[in-house]
Amino acid sequence: MPSRVPSLRMLRSFFTDGSLDSLGTSEDARSKRHSTSDLSDVPFSAVRKEGWLHCKQILTKKGKAEDREDMLAWIKVIRENSKAEGEDPGFASQALINKKLNDYRKVSPAGTKPDSSPKGSRGLGIRAEFLKQTGTSAPRSPRQDAAVTKDESSSQKAPWGINIMKKNKKSAPRAFGVRLEDCQPAPDNKNVPLIVEACCKVVEDRGLEYMGIYRVPGNNAVVSSLQEQLNKGATEINLQDERWQDLNVISSLLKSFFRKLPEPLFTDDKYNDFIEANRIEDASERMRTLRKLIRDLPGHYYETLKFLVGHLKTIADHSEKNKMEPRNLALVFGPTLVRTSEDNMTDMVTHMPDRYKIVETLIQHSDWFFSDKEDKGEKVSPVPPG
């Protein structure tokens, strides 16, 4: 093939030295002797003698290729000739093909309608075909580049915007069946759940002298109704609601909250340590070990246990009226607080006395267990008798 076609250098000079304008009508007649389909049969000497465009018959009197097939054949030869000569095919794309396509469009008849077939526009189809064969990309204007950049940035922002909308629609924290750190916090103590603070407040405001408080269960239907409402993400609790007037319902709601914690208040990893500490024979050592374990609890668990034990201590202080001494309160809250997330019957039977005793001890000596004197650098009170 290289011996029968002109070099890219000759083609470039032909297109850039004004030869297109100097073609005469006498040469037009000569050019008709050759067919575009006979390119491979044309000797190189004939090409040099008569001129490349005459042999290829790319131009007619109007300077336009006869059809699409002629244009594609012409592009193919330029591509192959560029490779043979060691030329960069991208140069052919920009310096030759763009010029030819511009001339091709300029001289097209004004009344020609755009091709509505699936092939699309002829000019664009030829250009795409050549770029596909050469592996090069079409040059773009600064305006096109800006448009592309804008489209790309828009496409990148779309998912981000959707994610933001999803995050904004995130529901408020639930109240039951979630970890303490995921609960709606109380306004005065961010480490204590709102539901715990609200229930304790209702009981202390109206139930300190209520006989059997926390021992008498409330109406299950009303308790379930309140749980469902709180699990919808209520950020405030209306204590004037009729359902919040029944002390037995509220006390059952509080016990249900701790019973449904996925991570118990004394935590799974420290459960066995609490059981073993409670079995230490030396009373002082037992108290110190329990106190250390309590202070090693995670922040939310320590603060919530401190708040709850303080509340139970207040209830026990009115035991003359409500009949709920520390022992009775421990019988109610021991199995609910001191447990594992996967409690089994064996542990419930063998550890039940320990559970009672741990909660009872905390209520009896709540001030000592949760004193902050040590944090302030003050001397800790002597260990009370266990």
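With an unreviewed UniProt entry as reference, the protein chain is termed RHG23 protein, source organism Himantopus himantopus.

A word on the overall build of the protein chain. Broken down by element type, the protein chain carries 18 helices and 0 strands. Looking at the protein chain as a whole, 42% of its 386 residues are labelled buried. Pairs at least 24 apart in sequence give 70% of the contacts found in the protein chain among residues at least 6 apart.

The next thing to look at is a nonpolar patch on the surface. On the surface, Met345, Met348 and Val349 cluster together into a nonpolar patch covering about 300 Å² of accessible area. By the secondary structure assignment, Val349 is in helix 17 (residues 345-364). By relative accessible area, Val349 is classed as exposed at 58%.

Right, let's talk about the nonpolar core for a bit. Tyr214 and Trp244 are the most contacted members of the largest nonpolar core, which totals 63 residues. The residues touching Trp244, leaving out its near neighbours within four places in the chain, are Ile195, Ala198, Cys199, Val202, Arg206, Leu226, Leu230, Ile237, Asn238, Leu239, Ile250 and Leu253.

So, on to unusual backbone geometry. One non-glycine residue, Thr267, adopts positive backbone phi at about 60 degrees. Even without glycine at this site, Lys323 takes up a positive phi of about 65 degrees. The class of Lys323 is partly exposed, set by a relative accessible area of 44%.

Turning next to the pattern of salt bridges. Within the structure shown, the criterion is met by 10 salt bridges. With a closest N to O distance of 2.8 Å, Glu181 and Arg179 form a salt bridge. Under the relative-accessibility criterion, Arg179 is labelled partly exposed at 34%. Here Lys201 makes a salt bridge to Asp205, at a shortest N to O gap of 3.3 Å.

Mapped onto the secondary structure, Phe258 falls in helix 11 (residues 247-259). With relative accessibility at 1%, the residue Phe258 sits in the buried group. Phe258 sits 81 residues away from Gly177 along the chain, and the two C-alpha atoms are 8.8 Å apart. Setting aside chain neighbours within four positions, we find Phe258 in contact with Val196, Leu265, Thr304, Leu308, Thr336, Leu337 and Arg339.

What counts as what
- Residues numbered from 1 in each chain as written.
- Predicted model: local features only at pLDDT ≥ 70, side-chain atom pairs only at ≥ 80, totals over all residues.
- Heavy atoms only, no water.
- Helix = DSSP H or I, 4+ residues; strand = E, 2+ residues; numbered from the N terminus.
- Buried < 20%, exposed > 50% of the residue type's maximum accessible area, 1.4 Å probe, protein only.
- Contact = heavy atoms within 4.5 Å.
- Patch = residues over 30% accessible without salt bridge, like charges linked within 9 Å, V, L, I, M, F, W, Y side chains within 5 Å.
- Areas by Shrake-Rupley, 256 points an atom, 1.4 Å probe, with all protein chains shown as cover.
- Salt bridge = Lys/Arg side-chain N within 4 Å of Asp/Glu carboxyl O.
- Core = buried A, V, L, I, M, F, W, Y, C linked by side-chain atoms within 4.5 Å.

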